[in-house]
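Analysis of the macromolecular model
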Number of protein chains: 2
Amino acid sequence: MDLSLPRGMRDLKPEEYEALERVRATFIEVARVFGFRLMEPSPIEMLQTLEAKSGAGIRDEVYHFKDKGGRDVGLRFDLTVGLTRYVISNRGLPLPIKIGAFSGMWRYDEPQYGRYRWFYQWDAEIFGTKSIDADAEIVDFTSTLLDKLGLKEASIEIGDRRIIEEFIRSRLGISDENKILTLLRAVDKLERKNVDEVLEEYAGKGVDREALSRLTEFGSLKGKPERVLDSLVNEGLQQIEDMTRLVDALKARRVPNVTLNMGIVRGLDYYTGIVFEVFENEKRNLGALAGGGRYDILPEIFGRSDMGATGVAGGVERTILALSKREETGVESKRVFIGYVGEDMAGVAAEITSNLRRRGLPVDIEVSGRTLRKQLEYASKSASLFVIVGPRDYAERKVTLRDMESGAESKIPLEELEARLRSSL
Amino acid sequence: MDLSLPRGMRDLKPEEYEALERVRATFIEVARVFGFRLMEPSPIEMLQTLEAKSGAGIRDEVYHFKDKGGRDVGLRFDLTVGLTRYVISNRGLPLPIKIGAFSGMWRYDEPQYGRYRWFYQWDAEIFGTKSIDADAEIVDFTSTLLDKLGLKEASIEIGDRRIIEEFIRSRLGISDENKILTLLRAVDKLERKNVDEVLEEYAGKGVDREALSRLTEFGSLKGKPERVLDSLVNEGLQQIEDMTRLVDALKARRVPNVTLNMGIVRGLDYYTGIVFEVFENEKRNLGALAGGGRYDILPEIFGRSDMGATGVAGGVERTILALSKREETGVESKRVFIGYVGEDMAGVAAEITSNLRRRGLPVDIEVSGRTLRKQLEYASKSASLFVIVGPRDYAERKVTLRDMESGAESKIPLEELEARLRSSL
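As the structure is a computational prediction, the values presented were derived from the model and not from experiment.

Some remarks on the overall build of chain A
When you go through chain A residue by residue, the secondary structure sums to 16 helices and 17 strands. Relative to a compact globule of 425 residues, whose C-alpha radius of gyration would be 22 Å, chain A shows 28 Å and is clearly more extended. Among the 425 residues that make up chain A, the fraction classed as buried is 46%. Counting contacts in chain A only where the partners sit at least 6 residues apart, residues at least 24 apart contribute 68% of the total.

Structure representation (structure tokens):
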């Protein structure tokens, strides 16, 4: 029968899943050290909850349907909405709360190479404070996680929409909200297009070319925090208090690889303060590996304008791509296969296997009663060591150990098998 | 706004999620030792794939809908279907293959106390052999996993539908397929009802009371493998070859807590040979924690009648319930909170925090700029140790360490802080 998957779906194959579990384990460990508690919000939400963040337009991008009770429900498209809903609907939680998740989600995007309609993110959020110290904690967490994952070349690029808005209002003299939004969208393009392309794209949109040109120049301001802060001061901008305090806090925490980038503008109807994105410098065309910022507006929409929220989310698949660039191929762990000659030896082979497994050694065993030749052929694909349990050896309490690469064989007393395997693995 | 979840949905709260992650980590470790590779099959399948196992009747129990492309799709209701589809559609895989998964799934059941429409299972399968050695490997895996989880009192109860069928045919002289199915369904009730209740329920269904009575008596046959096998031999039954070989193989592997139970009859249109269920003896009313068996019929439906399949799946939520019975409450890990007096000390506190975290110590820090009194009040809910960074102490390169339980405080030189925290945690 036709066993194809719905368009945009895929399996996480063993090698992909192993990489995912390595990222998950690292995330869990860093969350523990930083004091983020982990949870998993419901994968199915009422559609209206999913729409709260971005409006009904999100319907085009989410899997939604009527459940058998006639309710409009949808699959989560991120973890932030669910985490925010959880914190806001559980009034007894002590605030501020540091909470995170690592799970799959669904988006009905047009599938592209390496992009699926089901994917994983890690997510860490702090609810219950508007202090910039919480933003510093989020950036520090992000930096530590990247480091522990092995992405030593990743850089965290921080912007602040309020600073660009101030530049537009005070330096370019523009106060029309729509014009400001158009200009901000143009700045947002700078990561993917060069200044000339952006100028050309927006020239026809009733945007003053001179203003756009000055703004894109400002949006290109990027570099070491102190240097960028100096430039902002020289521009006479006032809205740099949070940025200055964030830079100080990150310095106290010795967070490396932080860059200020005035071109970082994310989710204009969503983020309200500091925003940041993470790029792998050697593979910037992968896009941002993670992004975050302050989004006090979501708790406000959910009815808690006092709460405040800041956080970060990262794409697991993209992170794995960035890692595989650096590590080259994943190292297949060496394995042991226990085979046997003749049906009478099956029980002995099983007993030897069980003993080794109880001692924590990863051991495979023949489970389909094939001939030794077939066992060897099969094991050659997965095992580096092959133990042959045969009646003659066994009469002397020995087994034959075969190195699958060289083909070399040696007879080993049973009581020495564990030590020999350990020294060879 | 209304933030309620769809009926039957819930969040996995931090304490539940932590328990889930403990089960996941144990599962991953045992899978590694046994040589099962892990993956995650697609969460969304074509509806026809989901129906292959149980027919269109499954529609009532699955979340299904038309996607935006008009395709009938559904959320997975187990992991076995996806794993089987994966193995069968990837012809290049070396067989036999040992493969498993640990993930969430959805069923549109009527929600009950402690039962949700979204839940987790672990799953381990062997495809590509019909040998009983593979069934032994699955039972051994199950037993080892239960042991590593800490469920030392769990017992694995093994049955074989073919043996009961032979009893019905040869000893009760019934050969009508429908009658046989009705009788098997009656036996399946014996775990939840006593013999008299089952007799009463089925008396009106055109089933011979004498036959049913003898069958339920046979279905009550349960105990140590050798004793039950002897009884089967005494009954003159022939279909006991697989069971005998399985018992021998499990003995060679020293698998403890195995019972034969002729009343174990699972998924009558699905399982084809050995079947088993796992019960926690002190909490049998939780129902089976796991169940499995041989289901050669599913690969057959998917077009590979030669392949063979045997496996096991366990309910993570139920396992956690069984564990919490034994462990009583989960032990909250002790935590450290770094607070400070006065805004000037925020940077110093952040630096101390970062240093401790880099050394792997789980440390929380004040991130909302509150007064020391408020910090202490907040930390009392989560931390056992509180470090106060204050200007006077800091001038002497010291901090104050407060035991949150006793209230005792002592001044500690900064360079001794890590060692003091380690010895107290």
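From this point, things continue past the structure.
Thoughts on the sheet that holds strand S4 (residues 72–75) of chain B
Residue and element names in this part refer to chain B. Spatially, three strands are ordered S2-S4-S3 in an open sheet, and the strand pairing comes out antiparallel. Each having just a single partner strand, strand S2 (44–46) and strand S3 (64–66) make up the two edges of the open sheet. Neighbour to neighbour, the strand axes of the sheet diverge by 35° on average, direction disregarded. Helix H2 (residues 47–54) rests against S2, S3 and S4 of the sheet, and its axis sits at about 80° to S2.

Brief notes about helix H5 (residues 161–171) of chain A
Residue and element names in this part refer to chain A. For H5, the complete set of buried residues consists of Arg161, Ile163, Ile164, Phe167 and Ile168. As for H5, its buried residues are in contact with strand S7 (154–160), helix H6 (177–188), helix H8 (209–219), helix H9 (225–234), helix H10 (241–252) and strand S10 (274–280). At the exit of H5 stands Gly173, carrying a positive phi of roughly 65°.

So, the interface of chain B and chain A
Contact with chain B, which involves 78 residues of that partner, is made by 78 residues of chain A. Among the elements that line the side of chain B that touches chain A, the one with the most residues is helix H1 (residues 14–34) of chain B, at seven residues. In terms of residue class, the side of chain B that touches chain A is made up of 39 nonpolar, 15 polar and 24 charged.

Some remarks on the environment of Leu323 of chain B
Residue and element names in this part refer to chain B. Mapped onto the elements of the fold, Leu323 is located in helix H12 (residues 316–327). Taking the C-beta count within 10 Å as the criterion, Leu323 has 18 such neighbours and is therefore assigned partly exposed. Residues Leu323 and Leu151 lie 172 residues apart in sequence; the distance between their C-alpha atoms is 6.8 Å. Other than its neighbours up to four places away in sequence, Leu323 contacts Leu149, Gly150 and Leu151.

A few points about the nonpolar core
Inside soluble globular proteins, nonpolar side chains tend to come together where they are buried. Ranked by internal contacts, the top residues of the largest apolar core, which has 245 residues, are Val387 of chain A together with Val387 of chain B. Ignoring anything within four residues of it in the chain, the contact list for Val387 of chain B reads Val336, Ile338, Gly339, Val399, Leu401 and Leu417 of chain B.

A look at the relation of the copies chain B and chain A
Superposition record for chain B on chain A: RMSD 0.0 Å, screw rotation 180°, translation along axis 0.0 Å. Overall, the copies show the geometry of a two-fold rotation axis. The C-alpha atom lying nearest the rotation axis in chain B is that of Phe65 of chain B; the distance is 3.2 Å. Taken as a fraction of all interface residues of chain B, those also at the interface in chain A reach 100%, which identifies the copy contact as same-surface.

So, the pairing of strand S16 (residues 398–403) of chain B
All names here are of chain B. For strand S15 (residues 385–389) and S16, the ladder comprises four bridges, and the chain directions are antiparallel. Residue pairing for S16: Ile388 is matched across the bridge by Thr400. Of the pairings in the sheet, the one linking S16 to strand S17 (residues 409–413) comprises five bridges and is antiparallel in character. When the bridges of S17 are listed, Arg402 appears paired with Glu409. Connecting the antiparallel pair S16 and S17 is a turn made up of five residues, with Gly407 showing a positive phi of about 85°.

Quick word on the packing of helix H5 (residues 161–171) of chain B against helix H6 (residues 177–188) of chain B
Residues and elements named next belong to chain B. Contact pair H5 / H6: the axes reach a minimum separation of 11 Å and the direction vectors enclose 125°. Taken together, the axis directions place H5 and H6 in an arrangement best described as oblique. You can see that H5 and H6 cross each other, and the crossing is right-handed. On H6, the residues that touch Arg161, Ile164, Glu165 and Ile168 of H5 are Ile180, Leu183, Leu184 and Val187. A breakdown of the residues in the contact of H5 with H6 according to their chemical character gives six nonpolar, no polar and two charged.

Overview of the domain arrangement of chain A
As assigned here, chain A comprises domain 1 (14–327) and domain 2 (336–424). Computed over C-alpha atoms only, the centres of domain 1 of chain A and domain 2 of chain A are separated by 52 Å.

Notes on the sheet that holds strand S9 (residues 258–261) of chain B
Residues and elements named next belong to chain B. The nine strands are arranged S1-S5-S6-S12-S11-S10-S7-S9-S8 in an open sheet whose pairing can be described as mixed. Of all strands in the sheet, those with a lone pairing partner are strand S1 (37–38) and strand S8 (222–223), marking the two edges. In terms of strand pairing, strand S6 (residues 118–127) meets strand S12 (residues 309–315) through seven bridges, oriented antiparallel. By the bridge assignment, Ile126 is partnered in S12 with Thr310.

A closer look at the environment of Leu414 of chain B
Residues and elements named next belong to chain B. The residue Leu414 is located in helix H16 (residues 414–424) in this model. On the basis of neighbour count, Leu414 is assigned to the partly exposed category, with 16 C-beta atoms found within 10 Å. In this structure, the C-alpha to C-alpha distance between Leu414 and Thr400, residues 14 residues apart in sequence, is 9.5 Å. Leaving out residues up to four positions away in the same chain, Leu414 has contacts with Arg397, Lys398 and Val399.

Observations concerning the packing of H10 of chain A against helix H13 (residues 346–358) of chain B
Between H10 of chain A and H13 of chain B, whose axes approach to 8 Å, the crossing angle comes to 40°. One finds that H10 of chain A runs oblique with respect to H13 of chain B. Residues Asp248, Ala249 and Ala252 of chain A of H10 of chain A form the contact with H13 of chain B, whose own contacting residues are Gly347, Ala350 and Glu351 of chain B. Broken down by class, the residue content of the contact of H10 of chain A with H13 of chain B amounts to three nonpolar, one polar and two charged.

Examining unusual backbone geometry
Glycine aside, the phi torsion of most residues is negative, and most peptide linkages are trans. Residues and elements named next belong to chain A. Residue Leu95 is joined to Pro96 through a cis peptide bond whose omega torsion reads -5°. Tracing the backbone shows Pro96 in the loop between helix H3 (80–89) and strand S5 (97–106). Residues other than glycine seldom take positive phi values, yet Arg254 does so here, at roughly 55°. The residue Arg254 is located in the loop between H10 and strand S9 (258–261) in this model. What makes Arg254 partly exposed here is the crowd of 13 C-beta atoms within 10 Å. A positive phi angle, close to 55°, is found at Arg397, a residue other than glycine. According to the C-beta neighbour criterion, Arg397 is exposed, with 9 such atoms within 10 Å.

Looking at the environment of Arg370 of chain A
Residue and element names in this part refer to chain A. Along the chain, the position of Arg370 falls in the loop between strand S14 (363–365) and helix H14 (372–379). According to the C-beta neighbour criterion, Arg370 is partly exposed, with 16 such atoms within 10 Å. Sequence separation of Arg370 and Thr144 is 226 residues, and the distance between their C-alpha atoms is 50 Å.

Side note on the pairing of strand S13 (residues 336–340) of chain A
Residues and elements named next belong to chain A. Across the five residues that make up S13, a large majority, five, are buried. Residues Val336, Ile338 and Tyr340 line one face of S13 and the alternating positions Phe337 and Gly339 line the opposite face, and both faces are buried. Traced from S13 through helix H13 (residues 346–358) to S14, the parallel crossover comes out right-handed. Relative to strand S15 (residues 385–389), S13 runs parallel, the two sharing five bridges. Directly across from Tyr340, in S15, lies its bridge partner Val389.

Examining the confidence of the model for chain A
For chain A, the mean per-residue pLDDT works out to 92, and 98% of the residues sit at or above 70. Overall fold confidence for the complex sits at a pTM of 0.93, while the interface term, ipTM, reaches 0.92.

Rules and cut-offs
- Within any chain, residue numbers begin from 1 and follow the written order of that chain's sequence.
- To label them, take the chains in the order written and letter them from A, then take the ligands in the order written and number them from 1.
- Whole-chain, interface and lining totals are the exception, using all residues; otherwise, since this is a predicted model, local features are given only for residues with pLDDT of at least 70 and side-chain atom pairs are given and counted only at 80 or more.
- Comment: elements are numbered from the N terminus, with helices defined as DSSP H or I runs of at least four residues and strands as E runs of at least two.
- To get the radius of gyration, use the C-alpha atoms; to get the globule rule, take the number of residues to the power 0.38 and multiply by 2.2 Å.
- Burial is judged by counting other C-beta atoms within 10 Å of a residue's own C-beta: 20 or more means buried, 12 or fewer means exposed, and anything between counts as partly exposed, with every C-beta placed from the backbone.
- Residue pairs qualify as contacts under a 7 Å threshold applied to their C-beta atoms, which are placed from the backbone.
- Only strands that DSSP links by at least two bridges are regarded as paired with each other.
- Simply put, an axis is a line fit to the C-alpha atoms, just over the touching stretch for a helix, and the angle between two N-to-C directions goes from 0 to 180 degrees.
- Classification used: nonpolar for Ala, Val, Leu, Ile, Met, Phe, Trp, Tyr, Cys and Pro, charged for Asp, Glu, Lys and Arg, polar for all others including Gly.
- By definition, a nonpolar core groups buried Ala, Val, Leu, Ile, Met, Phe, Trp, Tyr and Cys residues that are joined through C-beta atoms within 7 Å.
- Only residues with pLDDT of at least 70 in both copies contribute their C-alpha atoms to the least-squares superposition of the copies.
- Should an angle fall under 35 degrees it is taken as roughly parallel, and over 145 as roughly antiparallel, whereas 65 to 115 is taken as roughly perpendicular and any remaining angle as oblique.
- Helix crossings fall into two classes, left-handed where the near helix is turned counterclockwise from the far one by less than a right angle and right-handed where it is turned clockwise.
- Just so you know, the domain bounds were taken from an automatic or database domain assignment.
- Viewed with both strands pointing away, a crossover whose connecting path from the first strand over the helix to the second turns clockwise is right-handed.
- The predictor attaches a confidence to each residue, called pLDDT, with possible values from 0 through 100.

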